[in-house]
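# Commentary on secondary and tertiary structure
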Amino acid sequence: AQKVTQTQTSISVVEKTTVTMDCVYETRDSSYFLFWYKQTASGEIVFLIRQDSYKKENATVGHYSLNFQKPKSSIGLIITATQIEDSAVYFCAMREDSNNRIFFGDGTQLVVKP
Amino acid sequence: DPKIIQKPKYLVAVTGSEKILICEQYLGHNAMYWYRQSAKKPLEFMFSYSYQKLMDNQTASSRFQPQSSKKNHLDLQITALKPDDSATYFCASSRHRDRVAEQFFGPGTRLTVL
C-alpha cells in the first residue's frame, strides 16, 4: 500500500540556518514521483520541488534541495539560508506512475525565528 | 490574477442540505482534481478528471459528485451533508494526467456543516 510518513511534527530554527525535513514512503511501483509542498498560514498550498524515482541526481530549486535515498525509501527536504517567510507546514507527497493520485504525509510545521 | 479560482472561500451548511463547490483553472491544464483536508486527516485525494472525464474516484460515498461543464471547470456537488463533511476542499490541476506533472492547488473552500 502507498504511504508517506513524516515523523517530525514541528521544527524550530533560527533564520539563515539550514534545516532538513524527513520523509519516508512506501510503494510497490518501480516508477514514482516525489513532491514537496508547503502550506502557508493562509492555507495556500504551494508546490516546491519534485524528484523522479529514476533520476539519481538530487533535485534543486532555489534554496530547496532534496536528499533522495532510494534504498531507504527516503526523500528529505533541505532548506538553506532559511527566512522568516519559510515558516509554514511542509508536506511530502508521492505519486505512483500507475495512477495520478498524490498521497500526502501529515506535514511538518517549520517555524523560522529571527 | 489567480490561476485557480475556488468559490466560495467559506461555506456554512446545515446537515442534510446540498452544496456545490466551484473550481475554475486558467492554467491551460487538462487534468483536474479534488482533495479534502480535515483536522483529523491529512490531504486526501478524492477525484481526478482528464479532458472532462472521470479517471479516478477514491471517495466511497456517492454523496460526492464532481461535475465538469467545461474543460477548465470541475465543480464538486455534495448532497445530504453531514457534520463529518466539514473540511477544506482543494481543487488542483496539472498539465497531463499520465505524464509526470506536479499539481497546482487552488485556495480551497472551507466547508462547515452544522
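A tally of regular secondary structure across chain A gives zero helices and twelve strands. Start at the N end of chain A and walk to the C end: the helices and strands fall as β-β-β-β-β-β-β-β-β-β-β-β. In terms of its C-alpha atoms, chain A occupies a principal-axis envelope of roughly 45 × 25 × 20 Å. Burial statistics for chain A: of 114 residues in total, 51% are counted as buried. At a minimum sequence separation of 6, the contacts of chain A that also span at least 24 residues come to 55%. Averaging the positions of the 12 positive and the 12 negative side-chain charges in chain A gives two centres separated by 4 Å.

Turning to the pattern of salt bridges, a few remarks are in order. Per the counting criterion, the structure on display carries six salt bridges over all chains. Arg50 of chain A is the partner of Asp52 of chain A in a salt bridge, and the nearest nitrogen-oxygen pair spans 2.9 Å. Given the relative accessible area of 4%, Asp52 of chain A is considered buried. Where Glu102 of chain B meets Arg50 of chain A, a salt bridge forms, and the shortest distance between an N and an O atom there is 2.6 Å. Here Glu102 of chain B, found in the loop between strand 9 (87–94) and strand 10 (104–105), pairs with Arg50 of chain A, found in strand 6 (residues 45–52), and the two come from separate chains. We classify Arg50 of chain A as partly exposed; its relative accessible area is 24%. A network of salt bridges, in which partner residues are shared, links Arg50, Asp52 and Lys55 of chain A together with Glu102 of chain B.

Next up on the list: the interface of chain B and chain A. Of the residues lining the interface, 19 residues belong to chain B; the matching set on chain A comes to 19 residues. With both chains or domains summed, chain B and chain A bury close to 1,700 Å², and 54% of this area falls on carbon and sulfur atoms. Between chain B and chain A we count two salt bridges in total. The partner of Arg101 of chain A in a salt bridge is Asp56 of chain B, and the shortest N-O contact between them spans 2.5 Å. Inspection of the region where chain B meets chain A yields five residue pairs in polar contact (both at pLDDT 80 or more). Going through the elements one at a time, strand 4 (31–37), strand 5 (44–50) and strand 10 of chain B are the ones with two or more residues in the side of chain B that touches chain A.

Scored by pLDDT, chain A comes out at a mean of 94, with 100% of its residues at no less than 70. Model confidence for chain A, summarised as mean pLDDT per element, is weakest for strand 11 (residues 103–104) of chain A at 92 and strongest for strand 9 (residues 74–79) of chain A at 98.

Take the nonpolar core next. Of all hydrophobic cores here, the largest spans 25 residues; its most connected members are Trp36, Ile75, Leu77, Tyr90 and Leu110 of chain A. Elements with a contribution of two residues or more to this core: strand 2 (10–14), strand 3 (19–21), strand 5 (32–39), strand 6, strand 8 (64–69), strand 9, strand 10 (88–96) and strand 12 (108–113) of chain A. Here this core gets four residues from one element, more than from any other, and that element is strand 10 of chain A. Setting aside residues up to four positions removed in sequence, Leu77 of chain A forms contacts with Val19, Thr20, Met21, Trp36, Leu48, Ile49, Tyr64, Ser65, Leu66 and Tyr90 of chain A. One finds Leu11, Phe47, Leu76 and Cys91 of chain B within the second-largest nonpolar core, a separate group that totals 20 residues.

Cut-off values and rules
- Residues numbered from 1 in each chain as written.
- Chains lettered and ligands numbered in written order.
- Predicted model: local features only at pLDDT ≥ 70, side-chain atom pairs only at ≥ 80, totals over all residues.
- Heavy atoms only, no water.
- Helix = DSSP H or I, 4+ residues; strand = E, 2+ residues; numbered from the N terminus.
- Buried < 20%, exposed > 50% of the residue type's maximum accessible area, 1.4 Å probe, protein only.
- Contact = heavy atoms within 4.5 Å.
- Lys, Arg positive; Asp, Glu negative; His and termini not counted.
- Charge placed at Lys NZ, Arg CZ, Asp CG, Glu CD.
- Salt bridge = Lys/Arg side-chain N within 4 Å of Asp/Glu carboxyl O.
- Buried area = accessible area lost by both parts, 1.4 Å probe.
- Polar contact = N/O pair within 3.5 Å; in protein donor to acceptor, adjacent residues only side chain to side chain.
- pLDDT = per-residue confidence, 0-100.
- Core = buried A, V, L, I, M, F, W, Y, C linked by side-chain atoms within 4.5 Å.

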